[in-house]
Structures are given as C-alpha cells and as structure tokens.
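# Understanding the architecture of this molecule
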Amino acid sequence: MQPAYEYRDGSLFCEKVALSEIASKVGTPCYVYSAASILEKFRTYREAFGDTPHRICYAVKANFNLSVLALLARAGAGFDIVSGGELYRVLRAGGDPASVVFSGVGKTAEEIDYALEAGIHSFNCESEAELALVDALAARRGQTARVAVRVNPDVDPATHPYIATGLKEHKFGIDMSEAEGVYERAAALAHIRLEGLSCHIGSQLLDTDPLVEAVDRMLELALRLRARGVALAHIDFGGGLGIPYRPGERAPDVRAFIALLREKVTGTGLEVIIEPGRSIVGEAGVLLTRVLYRKRTGRKEFVIVDASMSDLIRPALYQSHHEIIPVRRLPSLGTVVADVVGPVCETGDFLARDREIANVMPGDLLAVCSAGAYGFVLASNYNARPRPAEVLVEGERWRVVRDRESYEDLIRGEV
Ligand code: LLP
C-alpha cells in the first residue's frame, strides 16, 4: 500500500480521511493527494543531502496543481519547468523564481524572455542555437543569463522507450563528445554565464546503475571543462528515480542514491541540482472512480468505470500498471479477472487488462493507485469529458484544490 493510505475497518483512508467521504461529496472521477506523503518524500531528499550544497528542483510536469506547488514551495523546494505555463504556475503558487531551472528542447523566444524577466536561476540549454537565442534576449534586457548545457550521456536507462531520454538517438541534449567545443564557442557570448552542466537520462528508473554511470560521465566531463577554464558552479543530474507500481516492485532507495551522489561530488565544490518529479508526488495520489456497469462479452469480463484514458492515460500510453483496489473491502465478495475500462470510445481505453480485482458491482468505488504523478497533468477533454476534480488531504482536513470542469468550461474560448 502507498504511504499515507490504509484500510480502517475495511474502508480505505488517505491520512485521516475516508475516501468514500470525498467521493460522495466531490463525485468521481477525482484525484486525491496526501500532503503528508508529498512532504515526507521531499524531506527524505533534503535530509539525505545534509550539508552538501544542493537545490531540489521539483519537476513541475509531474503534478502542476497550484496547491501541490505551494506545499513544496513552502517546504523550500525549487522547481524544474519546461514551459512558460509551468513558470506561471510556479509564480502563482508562491515559488521563488531564483530557484527555478528551465529545461526543454524547444523553448520559444517568448518563454525565454518571460523567464529572464522573472529572474530564474538558470536555463538548461539543449542546442547552440538556443544558447545564442538566450544570449541575444538577455542582451536586449541588459542582463546576463545563467546557463547550463544539457548533455546526453548516452546511457541506457532501462525504462519504457517513450520516457528514456539519455541515448544518442534521442532529441535531448548535446552529444557528450561535442560538449567541450560547445562550451568553448559559447564563451564568446557576452550575455550568458556558462556555469552549469546538466543531464536527465529518463524516468521511472528502478535500477540506479544507469544513473550512477551518467553521474560518473558527467563528473569526468565537468573536470575536463574546468581544466579548459569553464567556471562551473553547479551540476544538474535531472530526475528519474522510479516508484513501485506493482506489488513487490522495489524502488531505488533515495537516501542511498543521494549518499552516493554526495560522495562522488565531494571536493568538487559543485552545487548539486536534482529534478525529481514522480518520486515526490507519484505515491501520494490515487484516482477515485465508480463502477458503472459489469459486462461480459465473448470470453471477457469487463468492469466499466467512470474514469478513462482521458483522466489517466498512462496504461493506454505506456502499458503502465496501476494497482486497482476497492474503497470498501469486503473479503466475502471474492475476486474476478477482468478488464477495467472507461467510457471513451477507443479499445485502448483501459485502466487494467486481465487483472484480478475485487468482485465489485455497479456503484462501488475503486482507487487507482500511485496516480499522483503524470495523472491529472496528462488528462484531456477527449470525448468532451470534463477533467476531474483534485483534492488535497492534510491530516483530517481535505479540500478541493481544483474543481471538476463543467460543460461551460469545455467550450470556453470557442465560437
Ligand atoms: N527533468 C527533466 C528534464 C525531465 O524531462 C523529467 C521528466 C524530469 C526531470 C522528472 O522525471 P521524474 O523524476 O518524474 O522521473 N509521462 C511519463 C513520464 C515523462 C517524464 C518526462 N520527463 C509517465 O507517465 O511515466
């Protein structure tokens, strides 16, 4: 079971709140997040760094709800953003722009200018053309932008191909073998200060060996760059630590990984930046859904629920596994092997396939587990479905932190 979630007298709770209460007041589908769980994960990272100079820049893309961002901002997090929209959210949530790093392979001039105006910490630049654009825009403002170059360490992160990013054939970063030349040429740009080196090799990594390999390659490169006179001040290893989705799956130990990082950077004087997303919010969330129908066609059993790929696309897009458990546990009901599917008109619209789950009936509530990361943020209005509500639980209190969309919301801005 995810931390902060447990059964009490057969009823599933998030912290001190019964999920059935939230579902009956807010309706379904609905995302629920545990504030305690988010803060606990963040603290684990922070404590593991101890006195090593560091910056934990939470990857906003994993869950961009304003209240989640505000919670992390108050706890002292920095932020990793990949768009002007994410920067806007961070600022609206009270995040400190001086702790924001801007990643992404396709930043527009408007986005770069907005980030310069806000005074972010640094840009993780992914091409020479981008370095030149940041320089030109900073010059126009009479500013000097702090910049890291994102390199591609060419290691195989052993994860789903759609979320692996650190191989030579990927669109991300600059080839490691070209890095020294890039720093050399960029030194001529007067309005950027080349003070960082960054990478991100992929997401949902269950084994840290590829990460450690990337760290080693990065540190070797950092030393070579320094030897050539580059005044490196920080090194950014990206995000990527995975979480357990399947029963028995073991996720990497954050403390052990950070301890190893600290050991490796000792004596370099480099500030360490990391950009964790999923490992902070993933296990804090569930998606609540209600069973609409039971149905049998051919040899298949279906549990049809009111959540779909428009609410949680991960199973359809990455064949991801999310545990699905009943909100009211009645052992006498037994189990059934079924496909859990939503109302969207696509065969790919499933939350689970051939899964042994509780033998639930129409009206029963289910919790789709570990849905706090890349859940709501990837939700769409496909089939003109309003996006679900989001709820934040803090102890025995809970509140809606995003209203369920209305039909009116669905047509906003249209003529
Ligand atoms: N930094 C950069 C530059 C990234 O591209 C990412 C994720 C992160 C940090 C955060 O990685 P994390 O710690 O969350 O693994 N939608 C996919 C995941 C896409 C990840 C994209 N980049 C999924 O649902 O699995």
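The structure contained in this document is the topic of the report that follows.

Reading the values: rules and limits
Residues numbered from 1 in each chain as written. Predicted model: local features only at pLDDT ≥ 70, side-chain atom pairs only at ≥ 80, totals over all residues. Heavy atoms only, no water. Helix = DSSP H or I, 4+ residues; strand = E, 2+ residues; numbered from the N terminus. Buried < 20%, exposed > 50% of the residue type's maximum accessible area, 1.4 Å probe, protein only. Areas by Shrake-Rupley, 256 points an atom, 1.4 Å probe, with all protein chains shown as cover. Near = heavy atom within 4 Å. Polar contact = N/O pair within 3.5 Å; in protein donor to acceptor, adjacent residues only side chain to side chain. 1 Å grid on protein atoms, 1.4 Å probe; cavity = no way out; pocket = protein on both sides within 12 Å on 5 of 7 lines; lining within 4 Å. Sits in = over half its atoms within 2 Å of the grid points. Nonpolar A, V, L, I, M, F, W, Y, C, P; charged D, E, K, R; others polar. Contact = heavy atoms within 4.5 Å. Phe/Tyr/Trp six-rings, centres within 6.5 Å; stacked < 30°, edge-to-face > 60°. Core = buried A, V, L, I, M, F, W, Y, C linked by side-chain atoms within 4.5 Å. Salt bridge = Lys/Arg side-chain N within 4 Å of Asp/Glu carboxyl O. Pairing = 2+ DSSP bridges.

Okay, the overall build of the protein chain next. The secondary structure content of the protein chain amounts to 12 helices and 21 strands. Projected onto its principal axes, the C-alpha positions of the protein chain cover 70 × 50 × 45 Å. Looking at the 415 residues of the protein chain, the share that counts as buried comes to 57%. Surface exposure of the protein chain reaches about 17600 Å², of which carbon and sulfur atoms provide 50%.

Bringing the site of the ligand into the picture now. In the region of the ligand, 19 residues are neighbours, and Ser203, Glu275, Arg314, Tyr318 and Tyr374 sit closest. At 2.9 Å, a backbone N or O of Gly277 approaches an oxygen atom of the ligand. Judged by its atoms lying within 2 Å of the grid points, the ligand is housed in the largest pocket. Looking at the shell around the ligand residue by residue, the class counts come to six nonpolar, seven polar and six charged.

Looking now at the environment of Asp364. Assignment of secondary structure puts Asp364 in the loop between strand 18 (350-358) and strand 19 (365-368). Its relative accessible area of 28% is what places Asp364 among the partly exposed residues. For the pair Asp364 and Thr289, spaced 75 residues apart in the sequence, the C-alpha separation amounts to 8.6 Å. Those residues within four positions of Asp364 in sequence are excluded, and the remaining contacts are Thr289, Arg290 and Val291. For Asp364, the side chain forms a polar contact with the main-chain nitrogen of Met361, separated by 2.8 Å.

The full count for this structure, using the stated rule, is four aromatic pairs. Each ring, one from Tyr31 and one from Tyr33, has its centre 6.2 Å from the other, and the planes form 25 degrees; the classification is stacked. Take Tyr31: its relative accessible area is 0%, and that puts it in the buried class. Taking the centre distance of 6.2 Å and the plane angle of 85 degrees together, the rings of Tyr31 and Phe376 count as edge-to-face.

Counting 105 residues, the largest nonpolar core has Phe123 and Leu197 as its most contacted members. Among the elements that take part in this core, helix 8 (residues 209-227) stands out by supplying nine residues, more than any other. Ignoring anything within four residues of it in the chain, the contact list for Phe123 reads Phe102, Lys107, Ile112, Ala115, Leu116, Val134, Ala145, Arg146, Val147 and Ala148.

Another aspect to go through is the pattern of salt bridges. This structure, assessed with the given rule, holds 28 salt bridges. One salt bridge in this structure joins Glu40 and Arg43, with 4.0 Å as the shortest N-O distance. One end of the pair is Glu40 and the other is Arg43, both in helix 2 (residues 35-49) and three residues apart, which spans about a single turn. According to the relative accessible area criterion, Glu40 is partly exposed, its value standing at 41%. Put simply, Arg387 and Glu405 hold a salt bridge, and the shortest N to O gap is 2.8 Å. Placement of Arg387 in the loop between strand 19 and strand 20 (389-394) and of Glu405 in the loop between strand 21 (397-402) and helix 12 (407-411) is noted, with a sequence separation of 18 residues between them. Both residues of the pair, Arg387 and Glu405, belong to the buried class. Connected through shared salt-bridge partners, Asp113, Glu117, Arg140 and Arg141 make up one network.

Turning our eyes to something else, we now look at helix 3 (residues 66-74). The buried fraction of helix 3 is high, at seven of nine residues. Those residues of helix 3 that fall on the buried side of the exposure criterion are Ser67, Val68, Leu69, Ala70, Leu71, Leu72 and Ala73. Where helix 3 starts, the residue carrying a side-chain oxygen 2.8 Å from the main-chain nitrogen of Ser67 turns out to be Asn65. Gly76 sits one or two residues past helix 3 and shows a positive phi near 100 degrees.

Next up on the list: the sheet that holds strand 2 (residues 11-14). Across the sheet, three strands lie side by side as 1-2-3; this open sheet has antiparallel pairing. Looking along the sheet, the strands with just one partner apiece sit at the ends: strand 1 (5-8) and strand 3 (17-18). Where strand 2 and strand 3 come together, two bridges link them in antiparallel fashion. By the bridge assignment, Phe13 is partnered in strand 3 with Ala18.

Moving on, we get to the side chain of Ser310. By secondary structure assignment, the location of Ser310 is in the loop between strand 15 (300-305) and helix 11 (314-318). Accessibility expressed as a relative area gives 1% for Ser310, which makes it buried. Reaching out from Ser310, the side chain makes a polar contact with the side chain of Ser308 at a distance of 2.8 Å. Among residues more than four places away in sequence, those in contact with Ser310 are Val344, Ala379, Ser380, Tyr382 and Arg385.

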